[in-house]
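Commentary on secondary and tertiary structure
Read off the chains here:
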Amino acid sequence: MFGSLDLSTLQQLWWFIVTLVGSLFVFLTFVQGGQTLLSTLSLTEDEKILVVNSLGRKWELTFTTLVLFGGALFAAFPLFYATSFGGAYWVWILILFTFIIQAVSYEYRRKPDNFLGKGVYDAFLFINGSVGILLIGAAIGTFFTGSNFTLNDYNFVQWTHPLRGLEAAFSFFNLSLGLFLVFLARTLGALYLANNLEHESLVVKLKNSSFNNLLCALPFLLYVLITLVLMDGYAVNPVDGTVVTEANKYLHNLLQMPLNLILLLVGLVLVVLGVVLNRFTASVRGIWPAGLGTVLTCLAIFFLAGYNNTAFYPSKADLNSSLTIFNASSSHYTLTVMTYVALLVPVVLGYIIWVWKQMDSKKLTLEELNADKKSY
Amino acid sequence: MIEQIDLTMVNWARATFALTAMYHWIFVPLTLGLSFICAFFESIYVKTGDEQWKKLTRFWMTLFGINFAIGVATGIILEFEFGTNWSNYSWMVGDIFGAPLAIEGIAAFFLEATFFAVMFFGWNRVSKKTHLFATWMVAVGSNLSAVWILIANGWMQHPVGMTFNPDLARFEMTDFWALVSSPVAISHFVHVTSSAFLYASLFVVAISSWYLLKKRHLLFAKRSLTVACTFGLLSSLFVAYTGDEHAFHAAVVQPMKLAAMEALYDGEAPTGLVAMGLLNFSKKPGDDQDPFIFKVKIPMALSLLANREIYSFVPGINDLVFGNIEQNIMGVEEKMVRGKLAVAGLGDYKAAQNVGDQLAASKALTLFEKNSDYLGYGYLDSAEQAVPYVPLIFYSFRVMVSLGTFFILLFLVYLYLLRKDQLEKQPLLLKLGAISFFLGLVAQEAGWIVTEVGRQPWAIQDLLPVTIARSNLDSGTVAVTFFMFLILFTALLIAELKIMTKQISIGPEGD
């Protein structure tokens, strides 16, 4: 069935699948956003327990989605995996570091005799939610601003910047994208928690917080979007695969892919709608439009980077070392096998939604947590 | 292809991988086995409705959760380390190796992650049966993830189902089923998972024995022991059986590993098995020293185990390094000559392609293809590089096998005494049981040392040595990361042990 698709169709399909996983990850960073709210929202001890336990039931989904994002990139675009992880070494190592310390923190923070003390585990959660997300944003920013590497005849990467990837964080564009993601995660975190918890004063705080964080996110988003349409981009010649810089490439992509423009606008409107709904009405269901909006917005941004003959991982050091979905992908055979495997994705989404509904049909209350000695 | 080889960097990268993998493997086999043990306990609870069984289930689940978190934390590093420290590897075999890793994520990790929340927090939120289903799904999910990662590892030990694409300078998958159904990968998987069940059973044995010694939670401890010892005995018998299969496959596809496991330098027909021995550490391939200072040998046993034929020839390290015409074995030196032709052919092909000389390109390609089976040997500097460090493998193998045999006896004696209700009266045995978990850990790590150190210098057997598989990083960078991980993992391990010990001392009644 899929074997008859031609290679370039499979490459485009896999850019969609991989970036869908990436976009779902960004939505699920409501966990990371929530983690930063813990220490910045002036919560009482009871409120903190509610927040931590609510997030603690979801953190693994976010974590696993990140792992799958990595695995899917490895399988579908191994040259990206090799070039970026082996090249932009420090940015990825630091991101991973913030996820190691997150993984133990929920389970260990309130357990007796936990060696490092609750404060340290809470700090771990904060670092993961702030530094971790900021660096992920900066790394994604390099999809547009480019990186410093060359590939030799054997496609082995040489990184040409001594900071080995950390230089990404010194670009105002990359930094803005990172900060936008941090505040977006906080917005989503507040929306998710407001919907998941039963606690009157806390929910009011969360509703306000989602609105305030969106306000903080907007300037960075505007800066990113305006720069994006004005900046030079990296265009691929579809005939011979050579890469050249093209003025306003991403603006051209938006105009040449009107559906993508619609995707971006609808996405942004849905995010704003979700937050406004939560802030100005009695509803607490803003997380759903905002979550969907986040996925659509991210997809639109990823599509801008990879589709319409664009190099998605450009090299500033050597234009023709730039990675495109065509030169970085797996073989036709492997992409076909993986496409069959991807048929499992709807099944996985299906049981995640089923479990989510089963577990979250009743809101989380302090009484329930106090009665359960195993709570975080 | 190799501008500068920085051996120190390779060794730091290997050390970092070994560190991460060894820490990871303290926790993961416990997750694999304990998830099933919890599912057994909960199934008994649902069937009998006895609240004591629920309490017991929840106690073991608490320990499971503490252990699970740190397993996840170390696991994410392993996945991304392929990219960060082994980027040439990731490119050269990503077309094949990436697939099982992605499938692991889609087919296994989400099962685990999704149902984990139900298992821990769903007791009052979902029905009894849904909860039991969730617990089983966590067990199935975690073990499915082991399937895929071990298929990937098995493929590195015995690469199948692929071809080399000279234009892209990478290996490409041609037969997914060959990967999945590779007997080496399957025997690897069954051996590793059954040993994980054994290890988790020892965990339950150790804690329950401690309770019996302290005369606490007696009913709880005995019930736990009955389930764990039964599971442990079945697993340990299976471990022995699959271990033999696994070594048999090694004899075929990784003869150097087998020779190192046995410290066998000169092959014979028939070959005996050294049951116990004291190695001569100064022994080198090709010299005339005796490899052993002292040994106890079982005649013909190695021929039988390796080839299933009593009088058959088993090649030794010298046969493999220097060749053995009589037995029709090509030596490493000869393979290096051919490998260097393959490397040169590939280089010439690339150069000819760059200048558009089709004739030269096709000539170079023919040279490459004729010798491509030996590609990896072309990157070695000396034949001795193809020999892994023998003493470590020899002793690790013996530690693993003797402990494995001891565990079978331990489970048997425990089950017998449980049946007779005499176990509490055996304080010495209970003390042995209480430390058995740590012996299990030693056996687990020793097994991985045999598997991974035993296949050095290969990242991909015969095709890609670690010196080429590495990333282009300087050794200082990787060394810094090594110490970052060492400090962090050690701190988290201490935290885990302290929390775990505290929960054990609180006991199941603390619920």
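It should be emphasised that the depicted structure is a prediction, and the values quoted were computed from it without experimental measurement. (Residues numbered from 1 in each chain as written. Chains lettered and ligands numbered in written order. Predicted model: local features only at pLDDT ≥ 70, side-chain atom pairs only at ≥ 80, totals over all residues. Heavy atoms only, no water.)

Turning our eyes to something else, we now look at the overall build of chain A. Across its full length, chain A holds 15 helices and 4 strands. Whereas a compact globule of 376 residues would reach a radius of gyration of roughly 21 Å, chain A reaches 21 Å, a difference of no more than 12%. Principal-axis analysis of the C-alpha atoms gives chain A an extent of 65 × 45 × 45 Å. Taking all 376 residues of chain A together, the buried fraction comes to 64%. In chain A, the share of contacts with a sequence separation of at least 24, taken over all contacts with a separation of at least 6, comes to 77%. Taken as a whole, chain A presents about 13000 Å² of accessible surface, with 69% of it coming from carbon and sulfur. (Helix = DSSP H or I, 4+ residues; strand = E, 2+ residues; numbered from the N terminus. Rg over C-alpha atoms; globule rule 2.2 N^0.38 Å. Buried < 20%, exposed > 50% of the residue type's maximum accessible area, 1.4 Å probe, protein only. Contact = heavy atoms within 4.5 Å. Areas by Shrake-Rupley, 256 points an atom, 1.4 Å probe, with all protein chains shown as cover.)

Turning to the domain arrangement of chain B, a few remarks are in order. All names here are of chain B. Per the domain assignment, the segments making up chain B are domain 1 (7–192 + 214–233 + 457–510) and domain 2 (262–387). Just the C-alpha atoms count here: the centres of domain 1 and domain 2 sit 33 Å apart. Taken together, the 13 residues of domain 1 in the interface contact 16 residues of domain 2. Between domain 1 and domain 2, the buried area comes to about 1100 Å², and carbon and sulfur atoms account for 68% of it. Taken together, the links from domain 1 to domain 2 amount to 0 salt bridges. The interface formed by domain 1 and domain 2 includes 6 residue pairs in polar contact (both at pLDDT 80 or more). (Domains from an automatic or database assignment. Buried area = accessible area lost by both parts, 1.4 Å probe. Salt bridge = Lys/Arg side-chain N within 4 Å of Asp/Glu carboxyl O. Polar contact = N/O pair within 3.5 Å; in protein donor to acceptor, adjacent residues only side chain to side chain.)

Below, the discussion takes up the packing of aromatic side chains. Applying the stated criterion across every chain yields a total of 86 aromatic pairs over all chains. With a centroid separation of 6.0 Å and an interplanar angle of 65 degrees, the aromatic rings of Phe 143 of chain A and Phe 312 of chain A are classed as edge-to-face. Of this pair, Phe 143 of chain A sits in helix 7 (residues 118–145) while Phe 312 of chain A sits in the loop between helix 12 (287–306) and helix 13 (332–342), placing them 169 residues apart in sequence. Phe 143 of chain A gets classed as buried once you look at its relative accessible area, which sits at 7%. Taken together, Phe 25, Trp 59, Phe 63, Phe 99, Tyr 106 and Tyr 376 of chain A together with Phe 64, Phe 68, Phe 116, Phe 120 and Phe 121 of chain B form an aromatic cluster joined through their ring pairs. The lysine or arginine in question, Arg 279 of chain A, covers the ring of Phe 211 of chain A, its NZ or CZ lying 5.6 Å from the ring centre. (Phe/Tyr/Trp six-rings, centres within 6.5 Å; stacked < 30°, edge-to-face > 60°. Lys NZ or Arg CZ within 6 Å of the ring centre and 35° of its normal.)

Moving on to the packing of helix 2 (residues 30–40) of chain A against helix 3 (residues 45–56) of chain A. Residue and element names in this part refer to chain A. Axis separation between helix 2 and helix 3 bottoms out at 10 Å; the angle between their running directions is 165 degrees. With respect to their mutual orientation, helix 2 and helix 3 come out roughly antiparallel. Note that helix 2 runs across helix 3; the crossing there is left-handed. Here helix 2 contributes Phe 30, Val 31, Gly 34, Gln 35 and Leu 38 to the contact with helix 3, which in turn contributes Lys 48, Val 51, Val 52 and Leu 55. (Axes fitted to C-alpha atoms, helices over the stretch in contact; angles between N-to-C directions. Parallel < 35°, antiparallel > 145°, perpendicular 65-115°, else oblique. Left-handed = near helix turned anticlockwise from the far one by under 90°.)

This part covers the side chain of Ser 194 of chain B. Residues and elements named next belong to chain B. Counting through the fold element by element, Ser 194 comes out in helix 6 (residues 183–213). In this structure Ser 194 comes out as buried when scored by relative accessible area, which is 3%. If we ignore the near neighbours within four places in the chain, the residues touching Ser 194 are Ser 235, Phe 238, Val 239 and Thr 242.

Moving on: the interface of chain A and chain B. With 75 residues of chain A at the interface, the matching set in chain B holds 86 residues. Between chain A and chain B the total buried area reaches about 7500 Å² when both faces are included, carbon and sulfur atoms providing 71% of it. Summed over the three residues of chain A that lose the most area to chain B, namely Tyr 154, Phe 156 and Lys 374 of chain A, the buried surface amounts to 10% of that side. Inspection of the chain A/chain B interface yields 2 salt bridges.

Generally speaking, soluble globular proteins have nonpolar side chains that are buried together. By size, the foremost hydrophobic cluster in this structure holds 279 residues, and its most contacted members are Phe 77, Phe 144 and Phe 312 of chain A together with Trp 60, Tyr 89, Phe 97 and Trp 155 of chain B. Tallying contributions element by element places helix 3 (residues 87–121) of chain B first for this core, with 20 residues. Both domains that furnish three or more residues to this core are identified here as domain 1 (7–192 + 214–233 + 457–510) and domain 2 (262–387) of chain B. Once you skip the residues sitting within four places of it in the chain, Trp 60 of chain B turns out to touch Leu 34, Cys 38, Phe 41, Phe 203, Val 204, Ile 207, Ser 208, Phe 220 and Ser 224 of chain B. Judged by nonpolar contacts, the second largest core, of 39 residues, contains Val 321, Met 336, Ala 386 and Phe 394 of chain B. (Core = buried A, V, L, I, M, F, W, Y, C linked by side-chain atoms within 4.5 Å.)

An α-helical turn contains 3.6 residues, so a residue and the one three or four places further along point in the same direction. Helix length check: helix 16 (residues 475–506) of chain B, at 32 residues, gives a terminal C-alpha distance of 46 Å against a target of 46 Å (1.5 Å per residue), a fit within 8%. Gly 507 of chain B, located one to two residues past helix 16 of chain B, shows a positive phi value of around 80 degrees. (Expected span 1.5 Å × (residues − 1).)

Here the focus is the pattern of salt bridges. Close approach of charged atoms allows side chains with opposite charge to pair. Overall, the coordinates contain 19 salt bridges over all chains when judged by the stated rule. Of the charged contacts in the structure, one is a salt bridge between Asp 122 of chain A and Lys 118 of chain A, with a shortest N-O distance of 3.8 Å. Separated by 4 residues within a single helix, Asp 122 of chain A and Lys 118 of chain A lie in helix 7, roughly one turn from each other. Assessed through its relative accessible area of 16%, Asp 122 of chain A is described here as buried. Lys 118 of chain A gets classed as partly exposed once you look at its relative accessible area, which sits at 29%. For Arg 308 of chain B, the salt bridge goes to Asp 244 of chain B, with nearest N and O atoms at 3.0 Å. Taken together, the positions of Arg 308 of chain B in the loop between helix 9 (301–307) and helix 10 (317–322) and Asp 244 of chain B in helix 7 (residues 218–253) put the pair 64 residues apart, joining distant regions of the chain. Among the residues examined, Arg 308 of chain B registers a relative accessible area of 34% and is labelled partly exposed. Each of the salt bridges in this network shares a partner with another, and the network as a whole consists of Glu 45, Arg 109, Lys 118 and Asp 122 of chain A.

A separate point is the confidence of the model for chain B. Any region with low pLDDT has predicted coordinates that should not be read closely. Here chain B averages 94 in pLDDT, while 98% of its residues score no lower than 70. Confidence estimates for the predicted assembly give a pTM of 0.96 and an ipTM of 0.94. (pLDDT = per-residue confidence, 0-100.)

All names here are of chain B. Cis geometry is found at the peptide bond from Ala 269 to Pro 270, where omega equals -10 degrees. Among the secondary structure elements, Pro 270 is positioned in the loop between helix 8 (255–262) and strand 3 (273–279). With an omega of 10 degrees, the peptide bond between Gln 456 and Pro 457 qualifies as cis. Here Pro 457 lies in the loop between helix 14 (427–453) and strand 5 (458–460). Positioned with a positive phi, Ala 169 is a non-glycine residue whose angle comes to about 55 degrees.

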